[in-house]
Amino acid sequence: MYERLLGTEVEIQVVARTRRQAEAAERAALDELERLSAVFNRFDPGSELSRWLARPGQQTPSAPSYRRCWC
């Protein structure tokens, strides 16, 4: 499967015992990529990274779970 995320294409290959497990693993991987895109997508003005870049030298609020990424 190919997905367009963060300006690139992503291929996910899943190996599982059942189709249901494979679909669940694929969905979990895509959900995580979407979450990361919401943080690091410089093309999305609402992303954490875009908000941070738009305010050089200023403190920018971010979600607690993302704070360790900026250090």
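Report follows, based on the coordinates. (Residues numbered from 1 in each chain as written. Predicted model: local features only at pLDDT ≥ 70, side-chain atom pairs only at ≥ 80, totals over all residues. Heavy atoms only, no water.)

The next subject is the overall build of the protein chain. From N to C terminus, the protein chain includes three helices and two strands. Listed N to C, the secondary structure of the protein chain is β-β-α-α-α in terms of helices and strands. Residues counted as buried form 20% of the 71 residues belonging to the protein chain. Looking at the protein chain as shown, the accessible area adds up to about 5700 Å², and 52% of this sits on carbon and sulfur atoms. (Helix = DSSP H or I, 4+ residues; strand = E, 2+ residues; numbered from the N terminus. Buried < 20%, exposed > 50% of the residue type's maximum accessible area, 1.4 Å probe, protein only. Areas by Shrake-Rupley, 256 points an atom, 1.4 Å probe, with all protein chains shown as cover.)

For the rest of this paragraph, the subject is the pattern of salt bridges. All told, the structure shown has four salt bridges when counted by the stated rule. In this structure, Glu48 and Arg51 form a salt bridge, with 3.3 Å as the shortest nitrogen-oxygen distance. Residue Glu48 and its partner Arg51 are located together in helix α2 (residues 48–53), separated by three residues, close to a single helical turn. Accessibility expressed as a relative area gives 10% for Glu48, which makes it buried. Arg51 gets classed as partly exposed once you look at its relative accessible area, which sits at 33%. (Salt bridge = Lys/Arg side-chain N within 4 Å of Asp/Glu carboxyl O.)

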